[in-house]
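Here are the chains, one letter per residue:
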Amino acid sequence: MIKCLVEDVRARLRSGVTINSLGQCVEELVLNSIDAKATCVAIRVDLEAFKIQVVDNGSGMGREDLNAMGKRYFTSKCNSVGDLENLTFYGFRGEAVASIANMASVVEVSSKTSRTAKTFVKLFHNGQALEVCEAELSRPSGGTTVTVCNLFHQLPVRRKCMGPLLEFERVRQKVEAISLMHPSLSLSLRNDASCSMVLQLPKTRDVYSRFCQIYGLGRSQKLREINHKSGGFELSGYISIEGHYNKNMQFLYVNRRLVLKTRLHKLIDFLLRKESVICRAKSGPASRQPTSSPGRHRCGPELYGIFILNVTCAYSDYDVCLEPAKTLIEFQNWDVLLTCIEEGVKIFLKREHLFVEPCSEDIREFNEDNDFCLYNAPVQKPTLSDEKSIQDSFKKACDEIVDSYEMCNLQSKDVKR
C-alpha cells in the first residue's frame, strides 16, 4: 500500500541531500553571513567532533525573526516568483538552516541587532526547535553566531567516508573561493582539532589583492586582467600567464556565485592548454615562442590554467536550482555565452602574445568529446587522398548493390522454373 512518508523521514531524506558535507555546511552559513551584509566572518571547524561555528557582524536577528528562522521554506530573501528572476541574494530557498538542524544533534543560533541591547538564542535538538530565549551573555555588537554540534551523527557511513585532512582541505578551498569574490570581507578559518589558524584574510581592495593574500606575491604577479563584453554577457577577472600542476586555482563565477564542472570550464581549459603557450612545459627558451609547433606530445608534467573569472549577466538568463549546492548551472542561450567566452579568452591570449593555433586533431577531439563545438573552428577540407578514398568507397558500395540486384534476379528465375 502506498503511503505518505512521515514528516521526520521526509526531513532527513531532504536534509541529507541539501547538506551533504561539512564544506557545504560551512559554505551555506558563510553565504548567509554575506547576505546579512557582514564585513567580518570567523569560522571554526573541529572535524574530530564534527563541530562548526560561524561568527559574523551582520545585521543580526531579533526575537521575531529568530522564531521563524530554521523553519523550512521560511526566508527573508524571496517573496514572490518574480524575485526568482532577480536573485540578488545567495540563499533564497529557506532550506539551509532547517537542513543543518536536521543533520546535527544540536544547533545553537545567537543573534543581536544593532537596534537592541538584548541578544536572543534559539536551540535545535535533533531537528526540533526550542523556544527563543534571551541570552545570559549579550553580544558586544550586532551579528549572529551559529554553532553546529555533532553533524551527520545519524549518518555513520557518510562520516566514515570523510577523512579529516581531505575534508578540511575542501572546507578551506570553499572559503578561499568565496573570499575571492568578496575582497572587502574579512575572513578567518581556524582548525580547532589542531588549534591552528589556517586562514586569516583581512579585507582588501580587489580580487587581485585577495589572490595575493592567499597564494602569495609570486603567483599574483603572473596574473593579467581580462575584460570582454558580447551578446549581453560580460567576462571579467584574471588569467595567469603561467600554468599549475592541478586545477585547484581555477575559479569561475556567474554573478559572483561559484559554479563547477560546466561547459565553460571545458572551453576555458581547452583554450589555455591547447591554444596558448601557458600550459606548455618549459624545456627551454624556445618553448615560449608562439611560432613553435603546436604538437600534441610534450615533455614534462601536464599543466593547467590559473584563472579567476566572473560572468556578469541578467539573472533571468540562467538557472542554478539544478541541485542543492547551486554550483551547477544551465543557461538559456549557451551558444551566445560560449562565443563570448571564446572570443574574450582568444583576444586576451593574442594581446599577451600567448596564442598558438591548435592542431586539427585537438579540435576534432574536443568537438567529438563535448556536446558543443568551438564556434570558429576551421573547417577541415578533405585532402586529395581523402577524396579518392571517398570515391573508392562509393564505387565499392555501388558494385555491391549491383551484385545484390543480379543475385536477386537469378534467385527469382530459379523459383519460376
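Residues numbered from 1 in each chain as written. Predicted model: local features only at pLDDT ≥ 70, side-chain atom pairs only at ≥ 80, totals over all residues. Heavy atoms only, no water.

Visitor: Help me understand helix α7 (residues 207–215) in this model?
Guide: Turn by turn, an α-helix covers 3.6 residues, leaving residues three or four places apart pointing in a common direction. Burial in α7 covers these residues: V207, S209, R210, F211, I214 and Y215. Once α7 ends, the next one or two residues include G216, with phi positive near 95°. (Buried < 20%, exposed > 50% of the residue type's maximum accessible area, 1.4 Å probe, protein only. Helix = DSSP H or I, 4+ residues; strand = E, 2+ residues; numbered from the N terminus.)

Visitor: Teacher, can you tell me more about unusual backbone geometry here?
Guide: Glycine aside, negative phi is the norm for most residues, and most peptide bonds take the trans geometry. Of note, the phi angle at N255 is positive, near 50°, even though the residue is not glycine. Tracing the sequence through the fold places N255 in the loop between β12 (250–254) and β13 (257–258). Phi angles above zero are rare outside glycine, and K261 is one such case at about 50°. Here K261 shows up in the loop between β13 and α9 (263–274). On the accessibility criterion, K261 (78% relative accessible area) is exposed.

Visitor: Explain the pairing of strand β3 (residues 104–112) to me, please; I cannot follow it from the model alone.
Guide: Along any regular strand, the residues point their side chains to alternate faces of the sheet. Judged by how many residues are buried, β3 sits mostly within the fold: seven of nine residues are covered. Where β3 meets strand β7 (residues 143–151), eight bridges bridge the pair, whose relative direction is antiparallel. Across the sheet, V107 pairs through a bridge with V148, a residue of β7. Bridging between β3 and strand β4 (residues 120–125) involves six bridges; their strand directions are antiparallel. Among the inter-strand pairings, V109 is bridged to a residue of β4, identified as K122. (Pairing = 2+ DSSP bridges.)

Visitor: Is there a simple way to explain the nonpolar core in this structure?
Guide: Generally speaking, nonpolar side chains in soluble globular proteins are found buried as a group. Membership of the largest hydrophobic core comes to 59 residues, with the highest contact counts inside it found for L22, I43, V148, L151 and I308. Here this core gets seven residues from one element, more than from any other, and that element is helix α2 (residues 22–35). Listed in part, the 41 residues of the second largest apolar core include V320, F348, I363 and F372. (Core = buried A, V, L, I, M, F, W, Y, C linked by side-chain atoms within 4.5 Å.)

Visitor: How should I be thinking about the packing of aromatic side chains in this particular structure?
Guide: Aromatic ring pairs are reported here in terms of the distance separating the ring centres and the angle at which the planes meet. Following the criterion strictly, the structure yields eight aromatic pairs and no others. Look at F233 and F331: their rings are 6.0 Å apart centre to centre, the planes differ by 70°, and that puts the pair in the edge-to-face class. Pair noted here: F233 is in strand β11 (residues 233–240) and F331 is in strand β16 (residues 330–331), with a separation of 98 residues, a long-range link. Since its relative accessible area comes to 5%, F233 is described here as buried. (Phe/Tyr/Trp six-rings, centres within 6.5 Å; stacked < 30°, edge-to-face > 60°.)

Visitor: So what exactly am I meant to see when it comes to the sheet that holds strand β14 (residues 307–312) here?
Guide: Pairing between sheet strands relies on hydrogen bonds along the backbone, with the strands arranged either parallel or antiparallel. Strands sit in the order β10-β11-β14-β12-β13 across an open sheet of five strands; the sheet is mixed. The strands lining the two open edges of the sheet, one partner per strand, are β10 (223–230) and β13. As judged from the five bridges shared by β12 and β14, these two strands associate in the parallel manner. Bridge assignment links F251 to a residue of β14, and that residue is I308. Its contacts with the sheet place helix α6 (residues 164–180) against β12, β13 and β14, and it is angled at close to 55° to β12. (Contact = heavy atoms within 4.5 Å. Axes fitted to C-alpha atoms, helices over the stretch in contact; angles between N-to-C directions.)

Visitor: How do you make sense of the pattern of salt bridges when you look at a structure like this?
Guide: One side chain can pair with another of opposite charge once the charged atoms of both are near each other. With the rule as written, the count across this model stands at 18 salt bridges. As a salt-bridge pair, R263 and D371 come within 3.4 Å of each other at their nearest N and O atoms. Of the two residues, R263 sits in helix α9 while D371 sits in the loop between α11 (360–369) and α12 (384–416), which places them 108 residues apart along the sequence. Classification of D371 by relative accessible area gives exposed; the value is 57%. The closest approach of N and O atoms between E302 and R273, which form a salt bridge, is 2.9 Å. Residue E302 is located in the loop between α9 and β14, and its partner R273 is located in helix α9; the two are separated by 29 residues in the primary sequence. Given the relative accessible area of 14%, R273 is considered buried. (Salt bridge = Lys/Arg side-chain N within 4 Å of Asp/Glu carboxyl O.)

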